[in-house]
Amino acid sequence: LSRIKKNALPAGGEWSGAIDAPAGVSWRTALAGETDAGEPLLISGTVFRSDGRAPAPNVLIYFYHTDVEGVYGRAGEPRHGRYRGWLLTDARGRYEFRTIKPASYPNSTISAHIHMTLTGESFREDWI
């Protein structure tokens, strides 16, 4: 993880996230609890190398999204809100996270979405 974080965007950047990854990141995680408001959502997939065929192990994924009201962070929460986390792809390039379906921004027509970055030992953090 420390070698991957060397390719993270600098701390304090508006969109950085990999630099703050905690120790012990796994290929699967849960952001929402059983009592959180919102529609449960499971997202899983595989990250591949640039050839599009070989799985990419040990890629750090940072992700975050709004809550059911379309808000990222509230007072006392991290800048990207409470629905944020990190994953490290497994040997087969897999990742999986459970959360809630995000909402569109208040008074907006922008579709609900989840922000994600990828960072690896051989490439800088970038948006997907």
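Whatever comes next refers back to the structure up there.
Residues numbered from 1 in each chain as written. Predicted model: local features only at pLDDT ≥ 70, side-chain atom pairs only at ≥ 80, totals over all residues. Heavy atoms only, no water.

Q: Just checking my understanding: could you explain the overall build of the protein chain for this structure?
A: Of the regular secondary structure elements, the protein chain holds 1 helix and 7 strands. Taken from N to C terminus, the helices and strands of the protein chain fall in the order α-β-β-β-β-β-β-β. Computed over C-alpha atoms, the radius of gyration of the protein chain comes to 15 Å, within 12% of the 14 Å expected from 2.2 N^0.38 for 128 residues, which places it in the range of a compact globule. Across its three principal directions, the C-alpha atoms of the protein chain cover 40 × 30 × 30 Å. Counting the 128 residues in the protein chain, one finds 37% classified as buried. Considering only contacts in the protein chain between residues 6 or more positions apart, those separated by 24 or more positions represent 71%. Of the accessible surface of the protein chain, which amounts to about 7400 Å², a share of 50% is contributed by carbon and sulfur atoms. Counting 15 positive and 14 negative side-chain charges, the protein chain places the averaged centre of each group 7 Å from the other. (Helix = DSSP H or I, 4+ residues; strand = E, 2+ residues; numbered from the N terminus. Rg over C-alpha atoms; globule rule 2.2 N^0.38 Å. Buried < 20%, exposed > 50% of the residue type's maximum accessible area, 1.4 Å probe, protein only. Contact = heavy atoms within 4.5 Å. Areas by Shrake-Rupley, 256 points an atom, 1.4 Å probe, with all protein chains shown as cover. Lys, Arg positive; Asp, Glu negative; His and termini not counted. Charge placed at Lys NZ, Arg CZ, Asp CG, Glu CD.)

Q: Please explain the pattern of salt bridges as it appears in this structure.
A: Any two side chains of opposite charge can pair, given that their charged atoms come close. Overall, the coordinates contain 4 salt bridges when judged by the stated rule. Between Glu121 and Arg3 there is a salt bridge whose closest N-O contact spans 3.0 Å. One end of the pair, Glu121, is in the loop between strand S6 (114-120) and strand S7 (123-127); the other, Arg3, is in helix H1 (residues 2-5), and 118 residues separate them in sequence. Ionic pairing is found between Asp90 and Arg94, a salt bridge with its closest N-O pair at 2.7 Å. (Salt bridge = Lys/Arg side-chain N within 4 Å of Asp/Glu carboxyl O.)

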